[in-house]
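Here are the chains, one letter per residue:
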Number of protein chains: 2
Amino acid sequence: MNKRGHLWGIGVGPGDPGLLTLKALEALKEATVIMAPLASSREESAALQIVKEWVDETRLRVYGFPMTREPDSLAACWREVADEVAALVEKGEKVVFLTLGDALTYSTFNYILQQLAGKIPPECVTTIPGVTSFAAAAAAENFPMVCGEELLAVIPLPDGPLSRVRGLVRESDTVVFMKIGNRLKELMAFVNEEFPDRAAVFASRVGTPGQYLCRDLDRLPEGVDGYLSVLIVRKAGIKP
Amino acid sequence: MNKRGHLWGIGVGPGDPGLLTLKALEALKEATVIMAPLASSREESAALQIVKEWVDETRLRVYGFPMTREPDSLAACWREVADEVAALVEKGEKVVFLTLGDALTYSTFNYILQQLAGKIPPECVTTIPGVTSFAAAAAAENFPMVCGEELLAVIPLPDGPLSRVRGLVRESDTVVFMKIGNRLKELMAFVNEEFPDRAAVFASRVGTPGQYLCRDLDRLPEGVDGYLSVLIVRKAGIKP
């Protein structure tokens, strides 16, 4: 009789290998297969970079995914990856699925979980949470993010105009903007309009050798982009 | 000449010692003083419980704080704790300040940072982020929390009626409710009204031996309370 394997979805944090949790490291060491994502436009997997000192190539499976927001292509891709994961677990492999940041905050693992439903028993799946990019960005700048009764909104930039999220922005005290991509200038204009008295942290590739941090949004240099970036805005500023 | 010490504010996660980060563990091992909070109404510090296997009593300083929302008493307390921390760092001590969950998401360390401004040089302070209770609760139930363009709101229950946060709730796709305390029944009534088609996870003391998890809010047993609890509600439910 074949003994079933296991799947761990682990959030590896946004960049600094030191932000890996003890539990995630344990899963990494025990794994027989480590699945790492590679966007078709990039040469390296950002999630793999973070844990590479614990991953040897013999256990590694890199899977590609299309750089598209087209729902059918994406669903087909996640279904294929989920089928591969399910087959591995069925064969008895101990599979670790890497995701950047936290495992269920805007991560691929959300889709894999949904595609796996009915394919492997729930007791064969363990999610290990991780540190989000915005928690790491606030920490890197010792930036008081949310206290007391303050309301926090986390907003991945929408397809289409930013005015779509104005309602949420106006109801919140601190706003985290994610998935900024090539829309940083547009976002700055929106933030200047909505948050005249703000304090803010912009963080790009936080915790990696290419980290860039900036608290004065008016001094963001040309050439800074929004890839793997996060912007935290605190509406009322910081009062000493 | 006296060499200045250092302060690390570390988020120890919500309960499971395995969710400590490698960096936080390193700071804990290097510390000469470990500051742990104790609410005046409790016998044990929840944050200390999580890391106790790495903390010997000789390095430990437990500080009390009043169970009040009265701003002046709280400010006086945080000022006193910050003064103590500043004096320790000035003497050359390596101080670790423990907080539950992430270090800057509704944690005491936000107040300590603000009170420390001007008392010790910024380069003597390092914040180490951690895993939040809601990331851990979603993970414990393999619950897809936020994907794609979905909007996330994090809401500590307000003093006064829940209708104060209705605007934010209606603008979001997934809502995390925190600081539920003794208002769980009231919150359930609000959630039933606002989210008829929801999927949800209620988690109390996630990751501790007293952990309680529940996805069917209609079956929450009598006697479950909201202390160290979090409720995640996904407005549209989970679609397979």
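Residues numbered from 1 in each chain as written. Chains lettered and ligands numbered in written order. Predicted model: local features only at pLDDT ≥ 70, side-chain atom pairs only at ≥ 80, totals over all residues. Heavy atoms only, no water.

If you look chain A up in an unreviewed UniProt entry, it shows as Cobalt-precorrin-2 C(20)-methyltransferase from Pelotomaculum propionicicum. Recorded in UniProt under Pathway (unreviewed entry), the annotation for chain A is "Cofactor biosynthesis; adenosylcobalamin biosynthesis." Recorded in UniProt under Sequence similarities (unreviewed entry), the annotation for chain A is "Belongs to the precorrin methyltransferase family." (UniProt positions renumbered as here; feature names shortened; annotations may be inferred.)

A word on the domain arrangement of chain A. Residues and elements named next belong to chain A. As assigned here, chain A comprises domain 1 (6-128) and domain 2 (133-234). Computed over C-alpha atoms, the centres of domain 1 and domain 2 are 27 Å apart. Taken together, the contact between domain 1 and domain 2 spans ten residues of the former and 15 residues of the latter. Taken together, the two surfaces of domain 1 and domain 2 that pack against each other cover about 960 Å², and 62% of this comes from carbon and sulfur. If you look at where domain 1 meets domain 2, you find zero salt bridges. (Domains from an automatic or database assignment. Contact = heavy atoms within 4.5 Å. Buried area = accessible area lost by both parts, 1.4 Å probe. Salt bridge = Lys/Arg side-chain N within 4 Å of Asp/Glu carboxyl O.)

Each strand in a sheet pairs with its neighbour through backbone hydrogen bonds, running either in the same direction (parallel) or in the opposite one (antiparallel). All names here are of chain B. Strand order in the open sheet made by the five strands is β3-β2-β4-β1-β5, with parallel pairing throughout. At either margin of the open sheet sits one strand with a lone partner, and together these are β3 (60-65) and β5 (125-128). Strand-to-strand, the axes of this sheet are offset by a mean angle of 25 degrees, without reference to chain direction. Pairing analysis gives four bridges linking strand β1 (residues 6-11) to β5, with the strands arranged parallel. Residue L7 lies in a different strand from β5, and its bridge partner there is V125. The sheet contacts of helix α3 (residues 71-90) involve β1, β2 (33-39), β3 and β4 (94-99), and relative to β3 the element is tilted by about 160 degrees. (Pairing = 2+ DSSP bridges. Helix = DSSP H or I, 4+ residues; strand = E, 2+ residues; numbered from the N terminus. Axes fitted to C-alpha atoms, helices over the stretch in contact; angles between N-to-C directions.)

Here the focus is the side chain of N142(A). Along the chain, the position of N142(A) falls in the loop between α5 (133-140) and β6 (152-156). For N142(A), a relative accessible area of 18% translates into the label buried. Among the polar contacts listed, one links the side chain of N142(A) to the backbone oxygen of V125(B), at a separation of 3.3 Å. Those residues within four positions of N142(A) in sequence are excluded, and the remaining contacts are R215(A), L113(B), P122(B), V125(B), T126(B) and T127(B). (Buried < 20%, exposed > 50% of the residue type's maximum accessible area, 1.4 Å probe, protein only. Polar contact = N/O pair within 3.5 Å; in protein donor to acceptor, adjacent residues only side chain to side chain.)

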